[in-house]
Amino acid sequence: MQKAQEALPLVIVEARALKLPENRAAVLAQAFALLWPHDEKAARELIPEITGNLKQMFSKVDENQQQNRFYQVRKSTREQAVNQIAKVDLELALEMLRATRPPLNAESAIKDLQQSDLNVEQNLANQIAAHNPDVALKLAEQSLEKGFSYSLRPLLTTIQKKSPEKATSLLDKIYKKLQTEDVLLSNEARFFASSFLVEEFRAHKKELPKGHELQGIKLREPLLGKEDLKKWTDTFVRPYLSLPNRIDAMREKSNVLGSLQMVSPFLDFVSPELMQPVNMMLSKIRPKLSDHEKERFDAEHLRTQGKVDELVAMAEKLPKERRDGFLWNAIMAAIDYLGDPDLATKIIDNHVTSDEKKKQYRDFVAWINSYLLAEQGKIDEVIASLAHITRDAEKARTLARIAESNVKSRPAKIQLLERAVQYLGDSIDTGESFSVHCYIIGIYAQVDSERAFALLEPQIDPMNRVWEAAANYCTFDGGFVCLARKGELLMSPNFNSSRFIFDVVNAIRGVGKVNFARAYELAQQIKSPEIRSQALIAMIESNLVRSEEK
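Residues numbered from 1 in each chain as written. Predicted model: local features only at pLDDT ≥ 70, side-chain atom pairs only at ≥ 80, totals over all residues. Heavy atoms only, no water.

Student: Looking at this structure, how should I read helix 27 (residues 499–514)?
Tutor: Residues lying three or four places apart along an α-helix face the same way, a consequence of the helix completing one turn every 3.6 residues. For helix 27, built from 16 residues, the straight-helix expectation of 22 Å at 1.5 Å per residue is met to within 8% by its first-to-last C-alpha distance of 24 Å. Considered for burial, the residues of helix 27 that qualify are Ile-501, Phe-502, Asp-503, Val-504, Val-505, Ala-507, Ile-508, Gly-510, Val-511 and Gly-512. (Helix = DSSP H or I, 4+ residues; strand = E, 2+ residues; numbered from the N terminus. Expected span 1.5 Å × (residues − 1). Buried < 20%, exposed > 50% of the residue type's maximum accessible area, 1.4 Å probe, protein only.)

Spelled out as structure tokens, the structure:
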């Protein structure tokens, strides 16, 4: 921990010397969160710098902002910086979010940013809920006034664990907000309500589809009582009864109906009196749907009921060019709802005609099956189950995912990881194989750090040459392949052009947890200062955060 604290000021100095404000803001925001517990004054002194860099990113208003790749990276960098500030001071984070809103020149971009900022605010509440449910509740209530977001569902669960009474208070406010929304027009409100209700129905019934259970999905405790659940269901469903008079004007008929289909299998359980009017409504709108919309509507209904045979029979009546694609519904129903990979494989073998689709579907089913085998500790069978995968990098990645997610035994993890390394071989000469290699190193760091270092160290020199060439070429061609300016790569873990950089960053983070000094020396061998800064700050973060948790 002491070595990590000593290294932090050096990384801050190096970050300030980076050429691009996007890269400076990203590293300095991470440094702020790490400095705060040990030197709050020094951390606060970084706020004007971070804010200034974020503003500088957006100092020029670009045309077609939503399609501009630089704009998307900058928006992502801003969100990540705000999230870092929020780790220690929520009010500061909100001030920064509001102070760094970029100038926009199109109504669509404004709407996109408003929804993005709403998601950030509710995500901040979710992050802080585990530590301070009072502040999280306040922030959630403030952001709810602006609308719904995907973050509300996990936020509710987190607050409930810490303070059931505060979760009840938030639920009351969400319900009142839902009553003011037209769920047929509001995508966000409709998506939240339908997803939340399905979780509640299953929590009350104490049952999951078999496929969900096999995949390790867990039931949570109900957030609503039975009467409140009925009240929420009625509020969500009753607007649909007006759908026959409105559907002609709707663009997203399939999405609107799909949300109802998620809920309708549970109406008998929670609000049976709604069944007849809903069925009458559906019979009225069916003639108004196109053939394609009817097909999607029927498929979704059968899939959520796990009616595999009926889906297959429906597929067989479709034109050849659409049949194989439609059969995906039957395959997913067999896996998700029945938990039967063998049945899914039979559907592929007996009904799918395209060789390309057969391979794609078989690979997916085999991947699911291998996870189930790993949960049962059948390692040899896991390896054998991947025999159909022809590309070695794909086999290696699959084995590494299984080792990370489904295998608890250290010897079994190592067995799978070593087989993955063997598939890659000695020559790591493509982006895909390099990405898989780094992924394996990150998992190895948890079970055999010496082996992790042995795999990582030989890769730094060749990657230095790749990164230098990439920065020069991307600057030369204007960012068609990747993003760079002034000979410096523009970095964001959420952007594809930075993927190989963050593969190394995450690998160094992993080995740095177990041997900081050795990982620090390795990171110093990275020649590009923007990449070196990211690797060092990631190492420091992994050590300081881990020490505080202990």
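Student: What should I look at first to understand the nonpolar core in this one?
Tutor: Nonpolar side chains in soluble globular proteins tend to end up buried together. Counting residues in hydrophobic clusters, the biggest one holds 98 residues, and the most contacted among them are Phe-32, Ile-50, Leu-416, Ile-440, Tyr-444 and Ile-540. If one sorts the elements of this core by residue count, helix 24 (residues 431–447) sits on top with 9 residues. What Phe-32 contacts, discounting residues up to four positions off in sequence, is Ala-43, Arg-44, Leu-46, Ile-47, Ile-50, Gln-84, Ile-85, Val-88 and Leu-92. Residues Leu-197, Leu-224, Leu-229 and Phe-297 belong to the second largest nonpolar core, which totals 47 residues. (Core = buried A, V, L, I, M, F, W, Y, C linked by side-chain atoms within 4.5 Å. Contact = heavy atoms within 4.5 Å.)

Student: Can you walk me through the pattern of salt bridges in this structure?
Tutor: A side chain of one charge can pair with a side chain of the opposite charge if their charged atoms are brought near each other. Applying the stated criterion across every chain yields a total of 28 salt bridges. Two residues, Glu-300 and Arg-303, come together in a salt bridge whose shortest N-O distance is 3.0 Å. Residue Glu-300 and its partner Arg-303 are located together in helix 16 (residues 291–304), separated by 3 residues, close to a single helical turn. Within the structure, one salt-bridge network assembled from shared partners comprises Glu-40, Arg-44 and Asp-89. (Salt bridge = Lys/Arg side-chain N within 4 Å of Asp/Glu carboxyl O.)

Student: I tried to follow the layout of surface pockets on my own but got confused; where do I start?
Tutor: To find leftover empty space, a probe the size of one water molecule is rolled over the atoms. For the largest pocket, the calculated volume is near 900 Å³. What lines the largest pocket is a set of 40 residues, and nearest its centre among them are Val-198, Arg-202, Met-262, Thr-304 and Tyr-337. Those elements that provide at least two residues to the lining of the largest pocket are helix 10 (187–205), helix 13 (253–263), helix 16 and helix 18 (320–337). For the lining of the largest pocket, the leading source of residues is helix 10, giving 9 residues. Across the lining of the largest pocket, the residue classes tally to 15 nonpolar, 12 polar and 13 charged. (1 Å grid on protein atoms, 1.4 Å probe; cavity = no way out; pocket = protein on both sides within 12 Å on 5 of 7 lines; lining within 4 Å. Points joined across faces, edges and corners; volume = space filled by probe spheres on them. Nonpolar A, V, L, I, M, F, W, Y, C, P; charged D, E, K, R; others polar.)

Student: Would you mind going over the packing of aromatic side chains with me for this structure?
Tutor: Aromatic ring pairs are reported here in terms of the distance separating the ring centres and the angle at which the planes meet. For the coordinates displayed, the defined rule picks out 10 aromatic pairs. Aromatic pair Phe-192 and Phe-196: ring centres 5.6 Å apart, planes at 10°, arrangement stacked. Of this pair, Phe-192 and Phe-196 both sit in helix 10, separated by 4 residues, roughly a single helical turn. With respect to burial, Phe-192 and Phe-196 carry one shared label: buried. Ring geometry for Trp-328 versus Tyr-361: centroids 5.0 Å apart, planes at 35°, classification tilted. Residue Trp-328 is located in helix 18, and its partner Tyr-361 is located in helix 20 (residues 355–375); the two are separated by 33 residues in the primary sequence. Of note, Lys-205 hangs over the ring of Phe-269, and the distance from its end group to the ring centre comes to 5.5 Å. (Phe/Tyr/Trp six-rings, centres within 6.5 Å; stacked < 30°, edge-to-face > 60°. Lys NZ or Arg CZ within 6 Å of the ring centre and 35° of its normal.)

Student: I'm lost on the packing of helix 22 (residues 392–406) against helix 23 (residues 410–424) in this one. Help?
Tutor: Packed helices, taken two at a time, are described by the angle between their axes plus the distance between the axes. Running from amino to carboxyl end, helix 22 crosses helix 23 at an angle of 165°, the nearest separation of the two axes being 8 Å. By the angle between their axes, helix 22 is roughly antiparallel relative to helix 23. In this structure, the crossing between helix 22 and helix 23 has a hand that is left-handed. Each of Asp-392, Ala-393, Lys-395, Ala-396, Leu-399, Ala-400, Ile-402, Ala-403 and Glu-404 in helix 22 lies in contact with helix 23, whose residues at this interface are Lys-413, Leu-416, Leu-417, Arg-419, Ala-420, Tyr-423 and Leu-424. Of the residues belonging to the contact of helix 22 with helix 23, the class tally is 11 nonpolar, no polar and 5 charged. (Axes fitted to C-alpha atoms, helices over the stretch in contact; angles between N-to-C directions. Parallel < 35°, antiparallel > 145°, perpendicular 65-115°, else oblique. Left-handed = near helix turned anticlockwise from the far one by under 90°.)

Student: Is there a simple way to explain the packing of helix 13 against helix 16 in this structure?
Tutor: The interhelical angle for the contact between helix 13 and helix 16, taken along N-to-C directions, is 20°, at an axis separation of 10 Å. Taken together, the axes of helix 13 and helix 16 lie roughly parallel to each other. When you trace helix 13 past helix 16, the crossing you get is right-handed. Here Lys-253, Ser-254, Asn-255, Leu-257 and Gln-261 of helix 13 lie close against helix 16, whose contacting residues are Glu-293, Arg-296, Phe-297, Asp-298, Glu-300, His-301 and Thr-304. Tallied by class, residues from the contact of helix 13 with helix 16 come to 2 nonpolar, 5 polar and 5 charged.

Student: Sorry if this is basic, but what is going on with unusual backbone geometry here?
Tutor: Glycine aside, residues mostly have negative phi angles, and peptide bonds mostly take the trans form. Here Lys-206, not a glycine, exhibits a phi torsion of approximately 60°, which is positive. Among the secondary structure elements, Lys-206 is positioned in the loop between helix 10 and helix 11 (210–214).

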